[in-house]
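Here are the chains, one letter per residue:
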Amino acid sequence: MEHSGKIKKDAMILCDHVSKSFVNGNETAEVLKDITLSVEENEFVVILGPGQCGKTTLVNILAGLERASGGEVTVNGKKVTDPEPERGVVYQKTALFPWLTVEGNVGFGPKMAGVPKKERKERTKHYIELVGLSGFEKSYPIKLSGGMRQRVGIARAYCNNPSVLLMDEPFGHLDAQTRYLMQEEVERIWSQDKRTVIFVTNNIEEAVYLADRIVLLSNCPTTVRNEFKIDLQRPRDNMSSEFLRLREEIGRHVEMTR
Amino acid sequence: MRKKIRFQNTKAETAVYFCASLTGLLLIWYLAVRYTNLNKVMPSPFEVFAFVGSSFVKNIGSRILPFHILASLKRVFVGYFLACIIGIPLGIIMGCSRTGKAVIKPIFELLRPIPGLAWIPLAILWFGIGESSKYFIICVSAIVSIILNSYSGASQVDPILTGAAKMLGARPIQIFFYITLPSSVPQIFAGLQVGLSSSWMAVIAAEMIRASEGAGWIITTGMESGNTVQILSGMISIGLVGLLLASLLRLMERGLCAWNIQGK
Ligand SMILES: Nc1ncnc2c1ncn2[C@@H]1O[C@H](COP(=O)(O)OP(=O)(O)OP(=O)(O)O)[C@@H](O)[C@H]1O
Ligand SMILES: [Mg+2]
């Protein structure tokens, strides 16, 4: 079940020996050190890593929002240099446009692409319903709770119909119940309408529930520690003995990275 | 921040404090004039209010008070409007283009410490003592804070939001119209607010130089004829109109920046 991070050159997403250091004055902080991983088309990969290990930094590099200090990322053979609509990002700290309503935020991508108003409205409505925010279409982000904002961020990314979804701890601020609901929802949407998903979390149960494959990161300076293929039937039952066994095993590996 | 403090008091409470403080001021004024030597240089508030009231029907100089105020307002609107249509785009260009900033910023840094009123002599030499020189003075007085605030609004756009817009497929021109502009609106309004009060102050100064009507003219002729009642009437009208203008702009800001206001 375990296999070391051997890279497949024909994979959809290739993260090839990526490293990242932040230079602050004369101090250099090495955050990512030689990260190599590959993601197949329509694969659901969960990146599991401890707090402050550089997960957001990695997502930003994959998205093209930040440049790697070394190595490179390619998607379908094309080098990533800038953010592009084919790679949708759900931010950890929701980066909603505060001057737009929920509706305006969710429909922003289609609007930029020139999707006709009627179709845009329908799509927006669909995704707002999907994340359970019907009735809040006209609210501004400032009036929403943290969890609601996060759901707007998810709807906004989905509504733009990207072929790759990068989700950075999207359920971090949700209460446990909403979190389970959203996990089921994300899994359901993914099963119906396959995409390539890279999902970041520090929650083992969430990782086992969602992942085709889990990439376990080490502490800072961060490298890929381990990979686990999860072959459980979907939708998964997080009380089944197989689930619990996997969860415990990965938990042991996580302990070792501490 | 400001809103938080405001919303601690209910509207009614705020109104009560407002009236109390005004009544207090008038009372002190009245008592001081009534019981001290101040009455040699100051009229009582009642005289002033009576004068203001009567001047709605009786001419001061060639026209009644509302028309004097309208004359000043017209000058302010022309000068202020010019300042807006020049200042806002200029500030925004400075804020979002590095070249724009490099070219315009040094000139602006040099002009910035010069108060609008220091332009009066040049304005008179260039435009004469007619209306155009007044427009010019008002425009220069208002434009400084308008440029400065538009500039800082446009230059402080959150890079995370521009990144998010790119991620959603916005092209540079779309980023300008859908991200840079709306996110600068609150700052631009702050500049418009300061600019408006600067231009209202500038019109008074401009009218004190040479004019045949206007709120500033009322004060100057009051001084020439030693009429303190007229001077104070002019001053009070200026204060009230200035307050009204600022409130109007704030109302507009509330409408346009609803997204920025916490609370209900
Ligand atoms: N722009 C930056 N400049 C300097 N240091 C940075 C910058 N961005 C991130 N870092 C540092 O890199 C490290 C990793 O940050 P990052 O946000 O990527 O971690 P994370 O795993 O996403 O954390 P969390 O679990 O809180 O989400 C942190 O120590 C942070 O201080
Ligand atoms: Mg993070």
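Keep in mind that what you see is a predicted model, and the values were worked out from it rather than measured.

Q: I keep staring at the overall build of chain B and nothing clicks. Help me out?
A: Looking only at helices and strands, one finds eleven helices and zero strands in chain B. When the helices and strands of chain B are placed in sequence order, the string is α-α-α-α-α-α-α-α-α-α-α. With respect to the three principal axes, the spread of C-alpha positions in chain B is 70 × 50 × 30 Å. Classification of the 264 residues of chain B by burial places 44% in the buried group. Nonlocal contacts in chain B, meaning residues at least 24 apart in sequence, comprise 69% of its contacts between residues at least 6 apart. About 14700 Å² of surface is accessible on chain B, with carbon and sulfur atoms providing 72% of the total. For chain B, the separation between the mean place of its 22 positive charges and that of its 9 negative charges on side chains is 7 Å.

Q: Is there a simple way to explain the domain arrangement of chain A in this structure?
A: Accessible area lost during the coming together of the parts is what is often quoted as the interface size. Residues and elements named next belong to chain A. The domains assigned to chain A are domain 1 (13–86 + 162–257) and domain 2 (97–160). The distance between the C-alpha centroids of domain 1 and domain 2 comes to 25 Å. Taken together, the contacts link 17 residues of domain 1 with nine residues of domain 2. Interface area, domain 1 with domain 2, both sides summed: about 1100 Å², of which 66% is carbon and sulfur. On inspection of domain 1 and its partner domain 2, the count reaches zero salt bridges.

Q: What is the right way to look at the interface of chain B and chain A in this model?
A: Contacts between the two partners involve 23 residues from chain B, matched on the other side by 22 residues from chain A. Carbon and sulfur atoms make up 73% of the surface buried where chain B meets chain A, a total of about 2000 Å² over both sides. Considering only the side of chain B, the residues that lose the most area to chain A are M167(B), L168(B) and W259(B), jointly responsible for 40% of the buried surface there. Where chain B meets chain A, there are four residue pairs in polar contact (both at pLDDT 80 or more). Counting only elements with at least two residues in the side of chain B that touches chain A, the list comes to α8 (159–167) and α9 (172–209) of chain B. Counting residues per element, the side of chain B that touches chain A draws most heavily on α8(B), at seven residues.

Q: Would you mind going over the packing of helix α2 (residues 11–35) of chain B against helix α3 (residues 45–54) of chain B with me for this structure?
A: For any two helices packed against each other, the geometry comes down to the angle between their axes and how far apart the axes lie. Residues and elements named next belong to chain B. It is the contact of α2 with α3, at a shortest axis distance of 9 Å, that shows an interaxial angle of 115°. As the angle between them shows, α2 and α3 are arranged roughly perpendicular. Facing α2, whose interface residues are L26, W29 and Y30, α3 presents P45, F46, V48 and F49. Looking at the contact of α2 with α3, its residues break down into seven nonpolar, no polar and no charged.

Q: Is there a simple way to think about the sheet that holds strand β1 (residues 13–24) of chain A in this case?
A: Residues and elements named next belong to chain A. Pairing within the open sheet is antiparallel, and its four strands lie in the order β2-β1-β4-β5. The open sheet has two edge strands with one neighbour each: β2 (27–39) and β5 (78–79). As paired elements, strand β4 (residues 70–75) and β5 share two bridges and run antiparallel to each other. Bridge pairing in β5 links T74 to K79.

Q: Sorry if this is basic, but what is going on with helix α11 (residues 228–256) of chain B here?
A: Three- or four-residue spacings in an α-helix give side chains the same orientation, since the helix completes a turn every 3.6 residues. Residue and element names in this part refer to chain B. Between its terminal C-alpha atoms α11 stretches 42 Å, which fits the 42 Å expected from 29 residues at 1.5 Å a residue. Along α11, the positions that sit buried rather than exposed are V229, Q230, I231, L232, S233, G234, S237, I238, V241, L245, L249 and E253. Looking at the packing, one finds that the buried side of α11 touches α2, α3, α4 (65–96), α9 and α10 (215–224). The opening residue of α11, the one whose side-chain oxygen lies 3.2 Å from the backbone nitrogen of V229, is N227.

Q: Please clarify how the pattern of salt bridges should be interpreted in this entry.
A: Two side chains of opposite charge can pair, provided their charged atoms sit close to one another. All names here are of chain A. Enumeration over the complete set of coordinates arrives at 25 salt bridges over all chains. Of the charged contacts in the structure, one is a salt bridge between E43 and R213, with a shortest N-O distance of 2.7 Å. In this pair, E43 is assigned in the loop between β2 and β3 (44–48) and R213 in strand β9 (residues 213–217), connecting sequence segments 170 residues apart. As far as the burial class goes, E43 and R213 line up, both buried. Between K125 and E129 there is a salt bridge, with the nearest N and O atoms lying 3.5 Å from each other. Highlighted residues: K125 and E129, both in helix α4 (residues 117–130), separated by four residues, approximately one helical turn.

Q: Any chance you could explain the domain arrangement of chain B here in plain terms?
A: Assigned domains of chain B: these are domain 1 (1–42) and domain 2 (60–256). Between the C-alpha centres of domain 1 of chain B and domain 2 of chain B the distance comes to 29 Å.

Q: For this particular structure, what's the right way to read the site of ligand 1?
A: All names here are of chain A. Within the structure, ligand 1 sits among F22, V31, G51, Q52, C53, G54, K55, T56, T57, Q92 and E169. Note that an oxygen atom of ligand 1 is positioned 3.0 Å from one of the backbone N or O atoms of C53. Considered on its own, ligand 1 offers 640 Å² of accessible surface; in the complex 63% of this is hidden by protein. Of the residues in the shell around ligand 1, the class split is three nonpolar, six polar and two charged.

Q: I keep staring at helix α1 (residues 55–63) of chain A and nothing clicks. Help me out?
A: The element α1(A) is largely enclosed, with a buried count of eight among its nine residues. Looking at α1(A), one finds that the buried residues are K55(A), T57(A), L58(A), V59(A), N60(A), I61(A), L62(A) and A63(A).

Q: Is there a simple way to explain the environment of G153(B) in this structure?
A: As for its position among the elements, G153(B) is in helix α7 (residues 131–155). Filtering out sequence-adjacent residues up to four positions away, G153(B) remains in contact with S184(B) and Q187(B).

Q: Sorry, what's going on with the coordination of the magnesium ion (ligand 2) here?
A: By definition of the ideal shapes, four donors in a tetrahedron about a metal sit 109.5 degrees apart, and six donors in an octahedron sit 90 or 180 degrees apart. Residue and element names in this part refer to chain A. For the magnesium ion (ligand 2), the full set of protein donor atoms is T56 (OG1) and Q92 (OE1), and the range of their distances to it is 1.9 to 2.0 Å. With T56 in helix α1 and Q92 in the loop between β6 (87–90) and α2 (102–106), this pair connects stretches of sequence that are 36 residues apart. Among the residues examined, T56 registers a relative accessible area of 28% and is labelled partly exposed. Look at Q92 and you get partly exposed, because its relative accessible area is 25%.

Q: Would you mind showing me how to read the nonpolar core here?
A: As a rule of thumb, soluble globular proteins bury nonpolar side chains together. Residue and element names in this part refer to chain B. Counting 51 residues, the largest nonpolar core has Y80, I146, L192 and W200 as its most contacted members. Of all the elements, α7 adds the most residues to this core, at eleven residues. Filtering out sequence-adjacent residues up to four positions away, Y80 remains in contact with I138, A142, I146, L192, G195, L196, S199 and L249.

Here is what the cut-offs are and how they apply
- Residues numbered from 1 in each chain as written.
- Chains lettered and ligands numbered in written order.
- Predicted model: local features only at pLDDT ≥ 70, side-chain atom pairs only at ≥ 80, totals over all residues.
- Heavy atoms only, no water.
- Helix = DSSP H or I, 4+ residues; strand = E, 2+ residues; numbered from the N terminus.
- Buried < 20%, exposed > 50% of the residue type's maximum accessible area, 1.4 Å probe, protein only.
- Contact = heavy atoms within 4.5 Å.
- Areas by Shrake-Rupley, 256 points an atom, 1.4 Å probe, with all protein chains shown as cover.
- Lys, Arg positive; Asp, Glu negative; His and termini not counted.
- Charge placed at Lys NZ, Arg CZ, Asp CG, Glu CD.
- Domains from an automatic or database assignment.
- Buried area = accessible area lost by both parts, 1.4 Å probe.
- Salt bridge = Lys/Arg side-chain N within 4 Å of Asp/Glu carboxyl O.
- Polar contact = N/O pair within 3.5 Å; in protein donor to acceptor, adjacent residues only side chain to side chain.
- Axes fitted to C-alpha atoms, helices over the stretch in contact; angles between N-to-C directions.
- Parallel < 35°, antiparallel > 145°, perpendicular 65-115°, else oblique.
- Nonpolar A, V, L, I, M, F, W, Y, C, P; charged D, E, K, R; others polar.
- Pairing = 2+ DSSP bridges.
- Expected span 1.5 Å × (residues − 1).
- Near = heavy atom within 4 Å.
- Donors = N, O, S within 2.8 Å, 3.2 Å for Na, K, Ca; no water.
- Core = buried A, V, L, I, M, F, W, Y, C linked by side-chain atoms within 4.5 Å.

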